[in-house]
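Spelled out from the first residue to the last, the chains are:
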Amino acid sequence: MVTTLGIARRTQSMATRTPKGPAKAAPVSTSTVSAWIDDPESGLGRVDRPVPDLSKGTLKYRIKGAAPKPGPYAPGTPQFRYWTAAEALRRGGDFWAPILGLSSWQPGKALPVSLDKGVDLNAYYDRSELAFFHEAVKGKTYYSGESPDVICHEMGHACLDAHRPQLWDAPFIEVGAFHESFGDMSAILAAIQLPQLRAKVIASVAAFKSNELSRCAEQLGHAIRLVAPDAVDKDCLRNAYNKFKYVDPQTLPDDAPATSLCAEVHSFSRVFTGAFYEILSGMLHAKSKKPKDADFVAVAKDLAALLSDATAAAPVQPDYFAQVAAHMIDADAARFAGRYRDILTEVFVERRLVPASAVHPLQAQQRKAMAAVKAVTAVAAASRPQPQSRKIAIPAAQFGLGDKTIVVVAPVERNPFLTAAAGLSHRTDPPIEDAAQRFVKMLFAHNRVDVESGKKKMAVTPETPREHLRKTHVLTDAADGMRLSRRLFHCGCALPCGHYNGFHGYTEET
Amino acid sequence: MGSMATRKKPSAKRVASRSRVPAAAKVEAAKRKFEDGLVKRGEAVPAGSPLPPRATHEIVGTDAAGKPILKRKRFSLS
């Protein structure tokens, strides 16, 4: 391994600098421990946290080796690494357990953890334990288990495995990539559980920017970059703030620098993680232009719940990203009555994870157009095109009404702001005649036209025959023929229920 | 008012229900792409020895067509 290149390290604060000499264990208090708020190289520094008890809580852990006495140790000591890892494990487990409905792991009641399994710039979960490593690069030793990002990524694998064990051996790129994405999403969601981090990044997340939260595993990414400069993102291992859009991984190369997508699962995971972070930002921004701390907590919990629901329901298929995305949209409808539908569909469609045809096809354009609509409302009101109408003449003979003409007045309205269809409508007139013909045929086929009374309004009493209430339209005499007009909306139910003259509306049975 | 009663009802049609079940050939092609990539990158290695760094799968045998049969052993960070 090359160790002599003089590559400048990122400036570290005193809090993050590795002290020289033997570790000094000097606990002042046994009620708190000192731990990194985020990754050691995030720049966010340390925080005092309650002593985590890994043998309690719904999800339990067992870190191999003796536990040091709790206390606020200095960074760089084994005791600090132990407690910063334990704190992250406890925090992550306490976040996910109620959301995923977990009470045990695949390996059993307590998840074994090896904080230093040997030499590597990596970490893993293998259904028997979480394993972390150390490696010296250019004179500095990096411990993967010292980063809460790395800890909560691996713990995320274990959580998803307990929640959805069918994903473990699924032989598809998108399933493996989603597992990796879930690890990064777990790191992000677990980090949000710390108020100190929320205070630092809330404005930046709402503004959809790269920040300490979106950057996963800055320190390990830094170490790997020293060895393999193009193997990881430029500012961390993987940044959730990215612009990657879905492409079929079948079409991607098996390997590529981090600047490009490839069919390797960590690389491809960034597509889903990027969408996730953009959705997180959109949900937060939707709460308020100046979201508060409680909004951040609530949005993270809601988004995690959508992931939980979606991963429980999505079938394990080659197009797993699309499956999870679509199930998140459906989960939002079921769980939150569509509260986040706009942002979910906008991001998933924009990033090509869900085809536009699967959701409301115009939703993204409508959302973007709304800002413009609001800005020009006053001006537009004066110049807004008036509703137009078109008369369509239909021979009445086909309905057994002799040599007459049925006249249908069809409203035509084009909105230049709200629909993408408006941009296409100049190419060809919409098939209004065809639609009107089909509609009138349907009315006659369902016996919905009153051809006898000639009166638009109908007096309704308890004695009015039920079939009269089902006549939604009426023919009246007019100069140009028989005018077809709507009389009422019918709810579609079998019984007359007072839904008369449109005061209780429902759609026609078309 | 943001009550459940007054909130606009989302589309009743489920988005997930609009996706199609992939054809068997597509599933097989996806499997092959995934497994070929693992082998090419050295992330799948013969069973029986400790996994090297970044390996995630073991080759536990071969199928009738001579293709390796892979079993996941772990997820790794990078």
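In this text, all values refer to a predicted model and were calculated from it rather than measured experimentally.

Counting secondary structure elements, chain B contains 1 helix and 4 strands. Seen in sequence order, chain B has helices and strands lined up from the N terminus as α-β-β-β-β. The buried share of chain B, reckoned over its 78 residues, is 26%.

Looking only at helices and strands, chain A features 14 helices and 15 strands. Buried positions account for 44% of the 510 residues belonging to chain A. Long-range pairs, those at least 24 residues apart, make up 61% of the contacts in chain A between residues at least 6 apart in sequence.

Okay, the interface of chain A and chain B next. If you look at the interface, chain A gives 43 residues, while chain B gives 31 residues. Breaking the side of chain A that touches chain B down by element, the ones donating at least two residues are strand 5 (123-125), helix 2 (148-163), helix 3 (173-191) and helix 8 (320-336) of chain A. In terms of residues, the side of chain A that touches chain B owes the most to one element, helix 8 of chain A, which gives 7 residues. Taken together, the residues that form the side of chain A that touches chain B break down as 21 nonpolar, 12 polar and 10 charged. Judged from the 2 bridges that link them, strand 5 of chain A and strand 4 (residues 75-76) of chain B form a sheet pairing that is antiparallel.

Turning our attention to the sheet that holds strand 3 (residues 68-72) of chain B. Strand-to-strand pairing in sheets goes through backbone hydrogen bonds, with the strands running parallel or antiparallel. All names here are of chain B. Spatially, the 3 strands line up as an open sheet ordered 1-2-3, and their pairing is mixed. One side of each edge strand has no neighbouring strand; the edge strands of this open sheet are strand 1 (44-46) and strand 3. Going from strand to strand, the sheet's axes swing by 45 degrees on average, the running direction of each strand aside. In this sheet, strand 2 (residues 57-62) lies alongside strand 1 in parallel orientation, the contact comprising 3 bridges. Within the sheet, the bridge partner assigned to Ala44 lies in strand 2 and is His57. Strands strand 1, strand 2 and strand 3 of the sheet are contacted by helix 1 (residues 24-40), whose axis makes an angle of about 85 degrees with strand 3.

Residues and elements named next belong to chain B. Taken over all residues, the pLDDT of chain B has a mean of 85, while the share at 70 or more is 83%. Taken as a whole, residues 1-8 scores under 50 in pLDDT and shows 4 contacts with residues more than four places along the chain or in a different chain. Predicted as a complex, the structure gets a pTM of 0.70 and an ipTM equal to 0.81.

In spatial order, the strands read 3(A)-4(A)-6(A)-5(A)-4(B); together these 5 strands make up an open sheet with mixed pairing. The open sheet has two free edges, formed respectively by strand 3 (60-63) of chain A together with strand 4 of chain B, since each of these has just one partner strand.

Moving on, we get to the packing of helix 2 of chain A against helix 3 of chain A. All names here are of chain A. Closest axis-to-axis distance for the helix 2/helix 3 pair is 7 Å, and the angle between their directions is 125 degrees. Regarding the angle of helix 2 to helix 3, the classification is oblique. Regarding helix 2 and helix 3, the two cross each other, and that crossing is right-handed. Residues Pro148, Asp149, Cys152, His153, Glu154, Met155, Gly156, His157, Cys159 and Leu160 of helix 2 pack against His179, Phe182, Gly183, Asp184, Met185, Ser186, Ala187, Ala190 and Ala191 of helix 3. When the residues that make up the contact of helix 2 with helix 3 are grouped by side-chain class, the tally is 10 nonpolar, 6 polar and 3 charged.

Rules used throughout
- Residues numbered from 1 in each chain as written.
- Chains lettered and ligands numbered in written order.
- Predicted model: local features only at pLDDT ≥ 70, side-chain atom pairs only at ≥ 80, totals over all residues.
- Helix = DSSP H or I, 4+ residues; strand = E, 2+ residues; numbered from the N terminus.
- Buried ≥ 20, exposed ≤ 12 C-beta atoms within 10 Å, placed from the backbone.
- Contact = placed C-beta atoms within 7 Å.
- Nonpolar A, V, L, I, M, F, W, Y, C, P; charged D, E, K, R; others polar.
- Pairing = 2+ DSSP bridges.
- Axes fitted to C-alpha atoms, helices over the stretch in contact; angles between N-to-C directions.
- pLDDT = per-residue confidence, 0-100.
- Parallel < 35°, antiparallel > 145°, perpendicular 65-115°, else oblique.
- Left-handed = near helix turned anticlockwise from the far one by under 90°.

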